[in-house]
Amino acid sequence: MEELKVAVGAPQDYSADKIQVLEGLEAVRKRPSMYIGDVGLKGLHHLVWEVVDNSIDEALAGYCTDINVEIHPDNSICVTDNGRGIPTGMHPKEKRSALEVVLTVLHAGGKFDKENYKVSGGLHGVGVSCVNALSKDLRVTVWRDGKVYQQDYQKGAPLYDVKIVGENPENKTGTQVHFWPDETIFLHTVYKYETIANRLRELSYLNAGIRIHLKDLRELDDNNQPVAESFHSEGGLKEFVEYLDASRVRLIDEPIYVKGEKHDVSVEVAVLYNNSYSENVLSYTNNINTIEGGTHVSGFYRALTRTLKSYADQGGMLEKAKVEITGNDFREGLTAVISVKVHEPQFEGQTKTKLGNSEVMGAVDTIVGEILKIYLDENPKAAKMIVQKVILAAQARQAARKAREMVQRKSALGGSGLPGKLADCSEKNPELCELYLVEGDSAGGSAKQGRNRRYQAILPLRGKILNVEKAQEHRIYDNEEIKNIITALGIIFGREEDDRALNITKLRYYKVIIMTDADVDGSHIRTLILTLFFRYMREIIEKGHLYIAQPPLYLVKKGKKEIYCWDENQREQAVRELSGSGSAPDVQRYKGLGEMNPEQLWETTMNPDTRSLKKVDVESAAISDHLFSMLMGDEVAPRRDFIEKNAKYANVDA
Ligand code: 0RA
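Chemist: Is there a simple way to think about the packing of helix α9 (residues 295-314) against helix α11 (residues 358-378) in this case?
Modeler: Think of two packed helices as two axes; the pair is described by the angle between the axes and how far apart they sit. The interhelical angle for the contact between α9 and α11, taken along N-to-C directions, is 30 degrees, at an axis separation of 7 Å. Here α11 runs roughly parallel to α9, going by the angle between their axes. In this structure, α9 meets α11 at a crossing whose hand is right-handed. Judged by residue contacts, Thr 295, His 296, Ser 298, Gly 299, Phe 300, Arg 302, Ala 303, Leu 304, Arg 306, Thr 307, Leu 308 and Tyr 311 of α9 engage Ser 358, Val 360, Met 361, Val 364, Asp 365, Val 368, Gly 369, Leu 372, Lys 373, Leu 376 and Asp 377 from α11. Among the residues making up the contact of α9 with α11, the classes are represented as 11 nonpolar, seven polar and five charged.

Structure below.
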């Protein structure tokens, strides 16, 4: 019946049909950003996510246990799974192999049969045909029905009909997609191992049981083996929060774990409390990181606040402590992962990473509320630890408000209210203004002399600023350097309904530039400043206002000729260049900014025409949070491990 209807309505002319299909993929090639976000590194990696998501879907449907991802020496990517294999039979409507349809028809995505798939991943859900369109070459191989099928494509167009390339007597099943991104489309074509490894790790936690193997064939390790890692988690989200909190001190022994389903929304949550003062909540919808949060996160907070509050009320604990508790007090020291699976997710917000479905809020609220209540009743010891932490947070918040008000009242009263050490610029339009946060009074002095005083302001910082990772909020307002930074920036800390929320509408400089020495102390101070911004002023990073100055490492000099160098390669080249006529040039290694005179500092590091600035971004909140808590937190072992492991890559000094 179905087939008959399709046959009657189908285009008579097969080739016309084919042209239409190619037009679809042509649209992807014309406007790739509409389908994969951008054509930079992000878009390049998006191709991998798209292919892997299909295999994950197959695993979620219960047919696939292992996924292999290989990065080849030519930066092509090969993804293999042991699922059912993309169907290869004749597609009744398209009159060609279903395999070809999946690979060449936009939005076909392989999901003919919606019942088979609970949910589908992929931010844009564009499917593997989109990857095909943006690849100069792609080869798909399917093991199915005792045969091996194959088809090759260029820029999305099949080179031949699907063919059988071999027998498969053991009746293996699976799909392999090997693609070569088109370098005429992408700005970068070199894959980043860490980016892929981080995403695959995340996927293995979000989808317990699946084994994902990554192999990088571009580089051999010390044993002449390709770099490889396998990701597999039986504990799923429970292990995910433990991983996130690995460098923190726990208040409860085991994660609180919630799983349930309501109104077709499946909800999974894992929660830990630690002794820090920061909050780390990650949320996912259909395996996609919802960076901007949304209804699932709101539902979680509602349930957490209501359930903990009523538990504490019943026990008379709040009355005894004589504090007013607000929603945020339940979030200090909280680490949680929220993962929901929704049939038709609506993504909103600036970066389309905020979940909008209203039914999800109630589902998460109800499920978390019920299970958390049972947990608290059954685990009185853990419950007491959490409530005590909440009460402490409330008391600290009151102290912080007083301290913060002192800082802000002072700036509202006294004259300009700006810190005495600030050498401000004359320009008043913040879009044109830059603030340099400079390590040390002497470098600060050089910067003041070397700067363009019309639009560049200088704030010297003396010594090391407070490590906010280890301090309660009210203490940060006692710190002279931090107070100076806040008042110089002109921002308002906290609002009535949300003490932690920041108001940066009055930000006085659209570029805030951290300028520290190129030595161990300098990098430590830079990390401390970055931690302050990450924990208390993240919006400044998110809006792209925070930068790191890049002072040169060397000056190579002979006679009147001077060449500044930022790395070893440049230094070697400069030495070769100036060695030309006889004697070797003089090489000066800059360790501190203070070794440069004001003119040199201007020329190399501050002049917008010649300097290079590194923009700070919050690549992934999970990674940064992990990194900051590890670098700045209490536990020493993870920090040592990290530094040992990354010593040769990262510029992170102990
Ligand atoms: C459509 C239908 C079926 C499986 C798949 C697509 C499928 C797609 C991909 C993409 C990567 N790996 C995959 N594995 C399977 C179900 C086929 C059946 O009923 O046997």
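Chemist: Quick question: what am I supposed to make of the pattern of salt bridges here?
Modeler: The tally for this structure, following the rule as stated, stands at 31 salt bridges. Among the ionic pairs, Arg 84 bridges to Glu 58, the shortest N-O distance being 2.7 Å. On the criterion of sequence distance, the pair formed by Arg 84 in the loop between β2 (77-81) and β3 (90-91) and Glu 58 in helix α4 (residues 41-60) is long-range, its members being 26 residues apart. Two residues, Arg 306 and Asp 365, come together in a salt bridge whose shortest N-O distance is 2.8 Å. Here Arg 306, found in helix α9, pairs with Asp 365, found in helix α11; they are 59 residues apart in sequence, far enough to count as distant. When its relative accessible area of 42% is taken as the criterion, Arg 306 is described as partly exposed.

Chemist: Hey, could you run me through the sheet that holds strand β26 (residues 561-565) in this one?
Modeler: Strand pairing in a sheet takes place through backbone hydrogen bonds and is either antiparallel or parallel in direction. In space, the three strands of this open sheet follow the order β26-β25-β27, with antiparallel pairing throughout. Looking at which strands have only one partner, the edges of the open sheet turn out to be β26 and β27 (586-589). Between one strand axis and the next, the sheet turns through 20 degrees on average, direction left out of account. Pairing geometry for strand β25 (residues 554-558) and β27, over four bridges, is antiparallel. Note that in β27 the partner of Leu 555 across the bridge is Gln 588. With respect to the sheet, helix α18 (residues 568-579) is in contact with β25, β26 and β27, its orientation differing from that of β25 by roughly 0 degrees.

Chemist: Please explain the nonpolar core as it appears in this structure.
Modeler: Within soluble globular proteins, side chains that are nonpolar tend to cluster in buried spots. Counting residues in hydrophobic clusters, the biggest one holds 55 residues, and the most contacted among them are Phe 240, Tyr 273 and Phe 300. Apart from residues no more than four positions distant in its own chain, Phe 300 is found in contact with Val 269, Val 271, Leu 334, Ala 336, Ile 338, Val 364 and Val 368. With 47 residues, the next largest nonpolar core counts Ile 36, Cys 64, Ile 77 and Ile 196 among its residues.

Chemist: Explain the pairing of strand β16 (residues 334-341) to me, please; I cannot follow it from the model alone.
Modeler: Looking along a regular strand, one sees the side chains alternate between the two faces of the sheet. The element β16 is extensively covered by neighbouring structure, given that eight of its eight residues are classed as buried. Of the pairings in the sheet, the one linking strand β13 (residues 265-273) to β16 comprises eight bridges and is antiparallel in character. Within the sheet, the bridge partner assigned to Val 269 lies in β16 and is Ile 338. Sheet topology note: the strand β14 (residues 280-285)/β16 ladder contains six bridges and is parallel. From the neighbouring strand, Val 281 faces β16, where its bridge partner is Ala 336.

Chemist: Just checking my understanding: could you explain the packing of aromatic side chains for this structure?
Modeler: Each aromatic ring pair is specified by the distance between its two centres and by the angle formed by the two planes. Under the definition given, this model contains four aromatic pairs. Seen from their ring centres, Tyr 205 and Tyr 243 are 5.7 Å apart, and the 35 degrees between their planes marks the pair as tilted. With Tyr 205 in helix α7 (residues 193-206) and Tyr 243 in helix α8 (residues 237-244), this residue pair connects regions lying 38 residues apart in the sequence. The exposure class of Tyr 205 is buried, given its relative accessible area of 12%. Taking the centre distance of 5.7 Å and the plane angle of 45 degrees together, the rings of Phe 300 and Tyr 301 count as tilted. Taken together, the aromatic side chains of Tyr 205, Phe 240, Tyr 243 and Tyr 284 make up a single cluster linked through ring pairs. Taking the ring centre of Phe 534 as reference, the NZ or CZ of Arg 538 above it sits at 3.9 Å. The ring of Tyr 554 has Arg 589 sitting right over it, with the charged end atom 5.8 Å from the ring centre.

Chemist: Could you clarify how one ought to interpret the confidence of the model for the chain in this entry?
Modeler: Reading fine detail from the predicted coordinates is not recommended where pLDDT is low. Of the residues in the chain, 86% have a pLDDT of 70 or more, and the chain-wide mean is 87. Throughout residues 1-16 the model reports pLDDT below 50, and contacts reaching past four residues in sequence, or to other chains, amount to 10 contacts. Contacts from residues 647-654, a stretch scored under 50 in pLDDT, to residues over four places away or in other chains number nine contacts.

Chemist: Mind showing me how you'd approach the sheet that holds strand β24 (residues 546-549) here?
Modeler: Pairing is mixed in the open sheet, where five strands are placed in the order β20-β19-β23-β24-β28. The open sheet has two free edges, formed respectively by β20 (456-461) and β28 (613-615), since each of these has just one partner strand. The average angle at which neighbouring strand axes cross in this sheet is 25 degrees, direction not considered. Where strand β19 (residues 434-439) meets β20, six bridges bridge the pair, whose relative direction is parallel. Within the sheet, the bridge partner assigned to Val 438 lies in β20 and is Pro 460. The strands that helix α15 (residues 480-489) touches are β19, β20 and β23 (511-515); relative to β20, the one it contacts most, it runs at about 165 degrees. Across the sheet, helix α16 (residues 520-536) is in contact with β19, β20, β23 and β24; its angle to β19 comes to roughly 135 degrees.

Chemist: How should I be thinking about the side chain of Asn 274 in this particular structure?
Modeler: Structurally, the position occupied by Asn 274 is in the loop between β13 and β14. Note on Asn 274: relative accessible area 0%, which makes it buried. Reaching out from Asn 274, the side chain makes a polar contact with the side chain of Asp 245 at a distance of 3.2 Å. Polar contacts involving the side chain of Asn 274 include one to the side chain of Thr 335, which spans 3.2 Å.

Chemist: Can you walk me through the environment of Gly 83 in this structure?
Modeler: Position of Gly 83 relative to the elements: it lies in the loop between β2 and β3. Each C-alpha atom, one on Gly 83 and one on Cys 64, is 4.1 Å from the other, the two residues being 19 residues apart in sequence. With residues up to four places along the chain from it excluded, the contact list for Gly 83 reads Glu 58, Tyr 63, Cys 64, Thr 173 and Gly 174.

Chemist: Any chance you could explain unusual backbone geometry here in plain terms?
Modeler: What you tend to see is this: most non-glycine residues have negative phi, and most peptide bonds are trans. Even without glycine at this site, Lys 95 takes up a positive phi of about 55 degrees. With respect to the helices, strands and loops of the structure, Lys 95 is situated in the loop between β3 and β4 (96-97). In this structure, Asn 287 takes a positive phi of about 75 degrees despite not being glycine. Mapped onto the elements, Asn 287 comes out in the loop between β14 and β15 (288-289).

How each quantity is defined
- Numbering of residues starts from 1 in each chain and follows the order in which that chain's sequence is written.
- The predicted nature of this model means local features are confined to residues of pLDDT at least 70 and side-chain atom pairs, given and counted, to a pLDDT of 80 or more, with totals for whole chains, interfaces and linings taken over all residues.
- The side-chain numbers reported here are obtained from all heavy atoms of the structure, hydrogens and water having been left aside.
- Throughout, an axis means a line fitted to C-alpha atoms (over the contacting stretch in the case of helices), and angles, computed between N-to-C directions, take values from 0 to 180 degrees.
- Here a helix means four or more residues in a row that DSSP labels H or I, a strand means two or more in a row labelled E, and each is numbered from the N terminus.
- Angle categories are assigned with fixed cut-offs, so that under 35 degrees is roughly parallel, over 145 is roughly antiparallel, 65 to 115 is roughly perpendicular, and the rest are oblique.
- Crossings are assigned a handedness: left-handed for a near helix turned anticlockwise from the far helix by less than a right angle, right-handed for a clockwise turn.
- Any two residues having at least one pair of non-hydrogen atoms within 4.5 Å are treated as being in contact.
- Any residue that is not Ala, Val, Leu, Ile, Met, Phe, Trp, Tyr, Cys, Pro, Asp, Glu, Lys or Arg is counted as polar, Gly included; the first ten are nonpolar and the last four charged.
- The working definition used for a salt bridge is a side-chain nitrogen of Lys or Arg within 4 Å of a carboxyl oxygen of Asp or Glu.
- Type-normalised accessible area, obtained with a 1.4 Å probe on protein chains alone, sets the label of each residue: buried when under 20%, exposed when over 50%, and partly exposed for intermediate values.
- Two strands are said to pair when DSSP picks up at least two bridges between them.
- In these notes, a set of buried Ala, Val, Leu, Ile, Met, Phe, Trp, Tyr and Cys residues joined through side-chain atoms within 4.5 Å is what counts as a nonpolar core.
- Working definition: rings of Phe, Tyr and Trp (its six-membered ring) pair if their centres are within 6.5 Å, and the pair is stacked with planes under 30 degrees apart, edge-to-face with planes over 60 apart, and tilted otherwise.
- Placement of a charge over a ring requires the Lys NZ or Arg CZ to be within 6 Å of the ring centre, with the centre-to-atom vector within 35 degrees of the ring normal.
- For every residue, the predictor assigns a confidence score, pLDDT, that lies between 0 and 100.
- In protein, a polar contact means a hydrogen-donor-capable atom and an acceptor-capable atom, both N or O and within 3.5 Å, with residues adjacent in sequence counting only if both atoms are side-chain atoms; elsewhere, any N or O pair within 3.5 Å suffices.

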